[in-house]
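So you can see what is in the structure, the chains are spelled out below.
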Amino acid sequence: MHIHPHTSIVSALLGTPNEQFLIPSYQRRYSWRKEQLHALLDDIDMIEGNDSHLLGTILCLSGAHTAGINTLELVDGQQRLTTICIILECLRERFEADGRTEQVEDLKRLLQTRVYGHPMKPKIALDTLDAEEFRRLAESAPEPDEHFHNGRLATAFSETRAWIGALTTEELAGFLQKLLLKAIVVRLDVSQAKDAFKLFETINNRGLKLSPSDIIKNFMLGNAARFGDEQLEVAKKSWALLISHLDGTDADSFFRYFLISKVQTRLTKAGVVAEFEWHFMNEVFEAEKLPERHFYYYDDEESDDDGETSVADAAEEHQAGEADAETVKKQTFVEFLKKLVRAAQVYGQLLKCDTGVAQIDRHLRNLRMIKSAQTYGFLMHLKAGGIDDKTFVKVLKLTESFVLRRHICRERANETETLFAELCKADPQDPLADIVEAYREASPSDEKFRDEFAATVFTSNIMDRARYCLEQYEMAMHGKHAEIAILGSEDVHVEHIIPQKIQSRRSQQEYGNWVEYLGERLAHRHPKFVNRIGNLTLFAGELNIVASNNPFSIKKANYKLSSILATKELTAMSQFKFPQVDARSKQLAEFAIERWPAP
């Protein structure tokens, strides 16, 4: 391994005219939080006298030096270097506003790569999902209502603009000098891709732990580089496609559910990396030639004392189970990548409720509202396995009822996840019999479901679950084939009929005098009933409340104008106190038994 280290101040790091730092498409989006950004700004601003500050290390995959533009592929350090670029862009903008032409030109030279006879290019080029939004944000401050997919990137620009905008002219000049001349970056250049990914692993093993998806990415690309240049390029493109499919989701969760669908048993986050590596080494033909492949077989003399799941642990589990290394189905590296990318595409569609089939997407939205994360490995297994849409809709309907019943009855989440992991053994082409049998055995009884539904406290973290139940009640009131356009709209919210806060002076001004209206034992009964399903309804718009000793009568006047039938029916009630909450909760529980039956 040939490593060429350079210790450079920022002005020298960015000062070579024909060098360009490329953040490749396989890298994730910009993810620094506001706190990390401000820590960096403060660290630079607090440099004193002849002191300097180490910003960190960047790792570059470099090719042979040429007379043209030399592109350096950033394997590590892209978050830090992007942040430096954001700061420089905002400094340039401030100097332009102040009419400081000389400083503007100096900064442009650092932010651009140029070779005689060729057009100028950005010094730090993003080939990631952030590329277009970075360009827009660097050109000008966004409009207040302008939307960005990467909120953290937009926040980084807005926070940096605000921080720099608050500096005096003297402070601005001092900060620029500290950033360019006293902030130091250690740059490591490696010419071979396999060495670059190995070095990345070594560097990060010495510091903060990487996420499972980052470790898996490095493992994949590092081994692809050992297979050959062609395989490495395919791997880079595949990983870029994978993160595109997973954009807006948790990549770590994807890999966990992907592996659950393969091993057909529950898997914790701690075991994800070792399990993935085991499958890679024992499924991919090309991996047979790797010298360390023997580490991925079980050795009963090997132990791991750090409490984490190791490769040996994963191998031991396979040795004891059915999927032993001798029986695993072999495939080429390219085939392995295709299946992985396809699984990521399906997972993204499931979580975003975006399969392109309206009926399926409605049911996926329902499952998301219920909070059905435990189902995703199983549903991914079915969808990637080629289940037809009609059967998939039936599965989703059954799953809605089953998961809701288990959640309402507070069944163990780990047991639910184990059940769905084992269901990954079902044939995607014909899964219904296995699903119905499993659901029937594990579904709570009608009696338990009815009692728990009426008594469930729908706190804020599961309010979407309550909304789902209320939406289904509303749809039942409209009839089987009714389409309710208003449901799902951002204007519709879950309304507490008896308000959550009623005792403060402000709440009495906003909601009326519920304290006097509800009467005795208020302090004991209000917390017990306020978040039950019987005290919840759907409502669009704002309530027009005036001071009154009968606040429910004022609410009724508002409810009467609603187009939501479940809300409008409340107007038939003469009063609404705790006994009415209890009675309505039991009424809705009877509906729940019919709407979400056991298989």
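Basis of the calculations
- All residue numbers refer to positions counted from 1 along the written sequence of the respective chain.
- A pLDDT threshold of at least 70 governs which residues receive local features in this predicted model, and a stricter bar of 80 or more applies before side-chain atom pairs are shown or counted, although totals over entire chains, interfaces and linings include all residues.
- Side-chain numbers come from the whole structure's heavy atoms, not from hydrogens or water.
- Numbered from the N terminus, helices here are DSSP runs of H or I no shorter than four residues, and strands are runs of E no shorter than two.
- Type-normalised accessible area, obtained with a 1.4 Å probe on protein chains alone, sets the label of each residue: buried when under 20%, exposed when over 50%, and partly exposed for intermediate values.
- Each accessible area is a Shrake-Rupley result for a 1.4 Å probe, and residues are judged covered by the shown protein chains and nothing else.
- For every residue, the predictor assigns a confidence score, pLDDT, that lies between 0 and 100.
- Two residues form a contact once any of their heavy atoms are found within 4.5 Å.
- Here the expected span of a helix is defined as 1.5 Å times the quantity of residues minus one.
- Interaxial angles span 0 to 180 degrees and are taken between N-to-C directions of axes, which are lines fitted to C-alpha atoms, for helices over the stretch in contact.
- Working rule for angles: under 35 degrees goes down as roughly parallel, over 145 as roughly antiparallel, 65 to 115 as roughly perpendicular, anything else as oblique.
- Each helix crossing is assigned a hand: it is left-handed if the near helix lies turned anticlockwise from the far helix by less than a right angle, otherwise right-handed if that turn is clockwise.
- When residue character is reported, Ala, Val, Leu, Ile, Met, Phe, Trp, Tyr, Cys and Pro are called nonpolar, Asp, Glu, Lys and Arg charged, and the others, Gly included, polar.
- When DSSP finds two or more bridges between two strands, those strands count as paired.
- Side-chain rings of Phe, Tyr and Trp (the six-membered ring for Trp) are treated as a pair once their centres are within 6.5 Å; stacked means planes under 30 degrees apart, edge-to-face means over 60, and tilted covers the remaining angles.
- Geometrically, a charge over a ring is one whose NZ (Lys) or CZ (Arg) sits within 6 Å of the ring centre while staying within 35 degrees of the ring normal.

For the protein chain, the helix and strand inventory stands at 27 helices and 10 strands. Of all 599 residues assigned to the protein chain, the portion counted as buried reaches 51%. Just so you have it, the protein chain exposes about 29100 Å², and 48% of that area is on carbon and sulfur atoms.

It is worth spelling out the confidence of the model for the protein chain at this point. The pLDDT averaged across the protein chain works out to 87; a share of 89% of its residues lies at or above 70. Note that residues 294–307 has pLDDT below 50 and, in this model, 20 contacts with residues that lie over four places away or in other chains. Counting contacts from residues 319–323, a segment whose pLDDT is below 50, to residues more than four positions away or on other chains yields 5 contacts.

For the rest of this paragraph, the subject is the environment of Leu37. Position of Leu37 relative to the elements: it lies in helix H2 (residues 34–45). Taking the C-alpha atoms as reference, Leu37 lies 6.9 Å from Ala156; in sequence the two are 119 residues apart.

Turning our eyes to something else, we now look at helix H9 (residues 212–227). Quick reminder: α-helices carry 3.6 residues per turn. Residues three or four places apart thus point the same way. The end-to-end C-alpha separation of H9 is 22 Å, in line with the 22 Å expected for 16 residues at 1.5 Å each. Counting buried positions along H9 gives 14 out of 16 residues, so the element sits mostly inside the fold. Following H9 by one or two positions, Gly228 has its phi on the positive side, about 145 degrees.

Moving on, we come to the environment of Ser11. For Ser11, the position within the fold is in helix H1 (residues 10–13). With 99 residues separating them in the primary sequence, Ser11 and Leu110 have C-alpha atoms 7.1 Å apart. Ignoring sequence-local partners within four residues, the contact set of Ser11 consists of Leu110, Leu180 and Leu181.

What follows is about the packing of H9 against helix H14 (residues 333–352). Two elements in contact, H9 and H14, have axes whose closest approach is 12 Å; the angle formed by their N-to-C orientations is 155 degrees. As far as their axial angle goes, H14 and H9 are roughly antiparallel. Along this stretch, H9 crosses H14, giving a crossing that reads as left-handed. Contact with H9, carried on its side by Met220, Ala224 and Phe227, involves Phe333, Phe336, Leu337 and Leu340 of H14 and no other residues of that element. Here the contact of H9 with H14 is composed, by residue class, of 7 nonpolar, no polar and no charged.

Let's shift gears to the sheet that holds strand E2 (residues 19–23). Judged by pairing direction, the sheet is mixed, and its 6 strands sit side by side in the order E1-E8-E3-E4-E2-E7 without closing on themselves. Each edge of the open sheet carries a strand with a single partner, namely strand E1 (3–9) and strand E7 (124–126). If you compare each strand with its neighbour and ignore which way they point, the axes differ by 35 degrees on average. Two elements, E2 and strand E4 (residues 70–76), share 4 bridges in a ladder whose sense is parallel. Each bridged residue has a counterpart across the sheet, and for Leu22 the counterpart in E4 is Glu73.

What follows deals with the pairing of strand E8 (residues 183–190). Burial within E8 is extensive, with 7 of its 8 residues counted as buried. Of the pairings in the sheet, the one linking E1 to E8 comprises 7 bridges and is antiparallel in character. Paired with His4 across the strands is Asp189, a residue of E8. In this sheet, E8 lies alongside strand E3 (residues 53–62) in parallel orientation, the contact comprising 8 bridges. By the bridge assignment, Ile58 is partnered in E8 with Arg187.

Turning next to the packing of aromatic side chains. Under the criterion given, the structure shown has 30 aromatic pairs. Ring geometry for Phe378 versus Phe420: centroids 5.7 Å apart, planes at 35 degrees, classification tilted. Of the two residues, Phe378 is situated in helix H16 (residues 376–384) and Phe420 in helix H18 (residues 413–422); the sequence distance between them amounts to 42 residues. With respect to burial, Phe378 and Phe420 carry one shared label: buried. Directly above the ring of Tyr257 sits Arg256, whose terminal nitrogen or CZ lies 4.8 Å from the centroid. A cation sits over an aromatic face here: Arg532 above Phe529, 4.5 Å from the ring centre.

What follows concerns the pairing of strand E10 (residues 536–540). Of all 5 residues in E10, 4 are buried, a share of seventy percent or more. Relative to E10, strand E9 (residues 492–496) is paired through 5 bridges, and the arrangement is antiparallel. When the bridges of E10 are listed, Val494 appears paired with Leu538.

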